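These are the residues of each chain, in order.
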Amino acid sequence: MGLAAAGAWGAGDFSGGLAARRGNVFGVVVLAYSGGLLLMLGVALWRHETVPPAQAIWISAAAGLVGGLALTAFYAALARGQMGIIAAVGGVLTAAIPVIFSALTEGWPQPRRLAGFALAALAIWLISRPQGNEGAPAGLGLAILAGIGFGAYLVLIKQAGESAVFWPLVFSRATSVISMLFIGLLLRRFALPTANALPMALAAGMFDVCGVALFVLGTRQGRLDVVAVLSSLYPAMTVVLAGIYLKEHINGPQRLGMLAALGAVALIA
């Protein structure tokens, strides 16, 4: 389930990045999350799942706020920079946060996982090296913020998903839609996606919420850190899609950094 979530998230990031390049990032996030909200609401009603207690609903809402901000930053980074690089940085940090939380709650990680942390730090350094006189890759700061936010989101949604799977996703997505719409309007930067960005935005929302559902189901059967790290292999799918459809070029050190990032994920898992 962790690997299936990685595939869904990777395809969703590619779709969302394309949509953000064609339209307003706040509009893309709101539309994507609205599609995911309707899908999870339909599944929750279809399965007659019991509504979780109030504490789980509040945690879901907090997860939705954090996740919405993280996804907005991530789509903005994907729209500005190379998808492969942005996805690799975000993936390492997305994996690291749940592992740290798991170490504090379930015990310190094994030496192999500590080696994975060191390799992850090296990966981020290689990926973020300036390219000639151009400076650091575009969108790198946003990718780092997004990765931290994604990691926090996974920790929160795992806690909310202990009593139910689909209702927490409904409440988290609803919070994301409302909060991102409010922030976009407050900053006067909200606009609905154009017609050519609409299909990509909807696809991103469907892929993303399916990935989260698979993640929650996986954490109910195994350790949080293992499922989180395996699902954080999603940059591999984004890199493949960006290479095929966008013909993105990545230099030698950055290519090595991306391989190190994936190696770090494997070590941590």
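Caption draft 1: Highlighting the nonpolar core. Grouped together as the largest cluster of nonpolar side chains are 69 residues, with contacts concentrated most on Met40, Phe74, Tyr75, Ile157 and Phe215. If you tally residues by element for this core, the top one is helix H2 (residues 25–46), at 11 residues. Residues within four places of Ile157 in sequence aside, it is in contact with Ala63, Pro168, Leu169, Ser172, Val212, Phe215 and Val216. Judged by nonpolar contacts, the second largest core, of 5 residues, contains Ala95, Val99, Val229 and Ile268.

Caption draft 2: Highlighting the environment of Trp108. Relative to the assigned elements, Trp108 resides in the loop between helix H4 (83–106) and helix H5 (111–127). For Trp108, a relative accessible area of 66% gives the class exposed. Sequence spacing of Trp108 and Phe215 is 107 residues, and the spatial spacing of their C-alpha atoms is 22 Å. For Trp108, the contacting residues outside a window of four places in its chain are Ala103 and Leu114.

Caption draft 3: Representation of the side chain of Asp13 within the structure. In this structure, Asp13 sits in helix H1 (residues 2–22). For the buried Asp13, which has no salt bridge, the nearest side chain bearing the opposite charge is Arg173, at an N-O separation of 9.6 Å. Not counting the four nearest positions on each side in its chain, Asp13 is found in contact with Phe74, Tyr75, Leu78, Tyr234 and Thr238.

Caption draft 4: Spatial organisation of unusual backbone geometry. At His48, a position not held by glycine, the phi torsion is positive, near 55°. When you line up the elements, His48 lands in the loop between H2 and helix H3 (54–80). In the Ramachandran plot, Arg188 falls in the positive-phi region, its phi being about 60° despite a non-glycine side chain. Tracing the chain through its elements places Arg188 in the loop between helix H7 (166–186) and helix H8 (198–219). Overall, Arg188 belongs to the exposed group, its relative accessible area being 79%.

Caption draft 5: Up close: the packing of H1 against H8. The geometry of H1 relative to H8 is characterised by a closest axis approach of 7 Å and an angle of 155° between their N-to-C directions. Of the possible angle classes, the one that applies to H1 and H8 is roughly antiparallel. Where H1 crosses over H8, the handedness of that crossing is left-handed. For the pair formed by H1 and H8, the contact residues are Ala4, Ala5, Ala8, Trp9, Ala11, Gly12, Ser15, Gly16, Leu18, Ala19 and Arg22 on the first element and Met200, Ala201, Ala203, Ala204, Phe207, Asp208, Gly211, Val212, Leu214 and Phe215 on the second.

Caption draft 6: View of the environment of Trp167. Assignment of secondary structure puts Trp167 in helix H7. What makes Trp167 buried here is its relative accessible area of 11%. With 95 residues separating them along the chain, Trp167 and Thr72 place their C-alpha atoms 23 Å apart. Here Trp167 is in contact with Leu41, Ala44, Leu45, Glu49, Thr50, Val51 and Pro52, once residues within four sequence places are set aside.

Caption draft 7: Just the pattern of salt bridges, in detail. Across all of its chains, the model carries 2 salt bridges by this definition. Note that Asp208 and Arg173 form a salt bridge whose closest N and O atoms lie 2.4 Å from each other. Of this pair, Asp208 sits in helix H8 while Arg173 sits in helix H7; the two residues are 35 residues apart in sequence, bridging distant segments of the chain. Exposure class is identical for Asp208 and Arg173. Each is buried.

Caption draft 8: Representation of the side chain of Ser176 in the model. Among the structural elements, Ser176 can be located in helix H7. The exposure class assigned to Ser176 is buried, which follows from its relative accessible area of 1%. Dropping the residues within four chain positions of it, Ser176 is found in contact with Tyr33, Gly64, Leu65 and Gly68.

Quick notes on the rules
- Residues numbered from 1 in each chain as written.
- Predicted model: local features only at pLDDT ≥ 70, side-chain atom pairs only at ≥ 80, totals over all residues.
- Heavy atoms only, no water.
- Core = buried A, V, L, I, M, F, W, Y, C linked by side-chain atoms within 4.5 Å.
- Buried < 20%, exposed > 50% of the residue type's maximum accessible area, 1.4 Å probe, protein only.
- Helix = DSSP H or I, 4+ residues; strand = E, 2+ residues; numbered from the N terminus.
- Contact = heavy atoms within 4.5 Å.
- Lys, Arg positive; Asp, Glu negative; His and termini not counted.
- Salt bridge = Lys/Arg side-chain N within 4 Å of Asp/Glu carboxyl O.
- Axes fitted to C-alpha atoms, helices over the stretch in contact; angles between N-to-C directions.
- Parallel < 35°, antiparallel > 145°, perpendicular 65-115°, else oblique.
- Left-handed = near helix turned anticlockwise from the far one by under 90°.

Without other data, these values stay purely geometric and don't point to any function.
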